[in-house]
Amino acid sequence: MIRFILLQNRQGRTRLAKYYVPFTDAEKHKIEHEVHRMVSGRDQKFTNFVDYQNRKIIYRRYAGLYFSLCVDSSDNELVCLEIIHLFVEILDHYFSNVRELDLVYNFHKVFAITDELVLSGELQESSKKVILDRLGLLEKIE
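About the criteria used
Residues numbered from 1 in each chain as written. Predicted model: local features only at pLDDT ≥ 70, side-chain atom pairs only at ≥ 80, totals over all residues. Heavy atoms only, no water. Phe/Tyr/Trp six-rings, centres within 6.5 Å; stacked < 30°, edge-to-face > 60°. Buried < 20%, exposed > 50% of the residue type's maximum accessible area, 1.4 Å probe, protein only. Helix = DSSP H or I, 4+ residues; strand = E, 2+ residues; numbered from the N terminus.

1. A short note on the packing of aromatic side chains
Tallied over the entire structure, the rule returns 6 aromatic pairs. Relative to F67, the ring of Y62 has its centre 5.8 Å away and its plane inclined at 90°; by these criteria the two rings are edge-to-face. Take Y62 and F67: they sit in the same class, and that class is buried. Taking the centre distance of 6.0 Å and the plane angle of 85° together, the rings of F67 and F87 count as edge-to-face. Taken together, the residues span a long stretch of sequence, with F67 in strand β5 (residues 65-72) and F87 in helix α2 (residues 77-95) at a distance of 20 residues. F67 sits in the buried class, given a relative accessible area of 5%. A residue is classified by how much of its surface remains accessible, and F87, at 5% relative accessible area, is buried. One aromatic cluster is present, formed by F4, Y19 and F23 through successive ring pairs.

Next comes the structure, spelled out in structure tokens:
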């Protein structure tokens, strides 16, 4: 189960935080700080998996953003990396070469994309085409 999804830039500013288990605001701030400190300080020679409070952080850096998932320790790391890659591909296709500013100014669309991909901490849809079709329908409604 995915506990939370974080998108952070190199400076540690959180651009997206989606939690699937309850945390207080102070705990969320602490988690975001600790996760950024762990993933940004790691050498690229190491794996993209880090143990964190009896869970695992799976992360990937694309351009200037860190995409991080916190999952149960029994979850498959490679599947989580594929979820991150699918998320990035969908963002890139939807925003036509996504940039950090797209995430900042269109955060409501990024949350909609996240909700189409992950529901209650579980992968909802793994097809890029299906997700993009659903997002197209939402665009027509707006």
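Okay, back to it.
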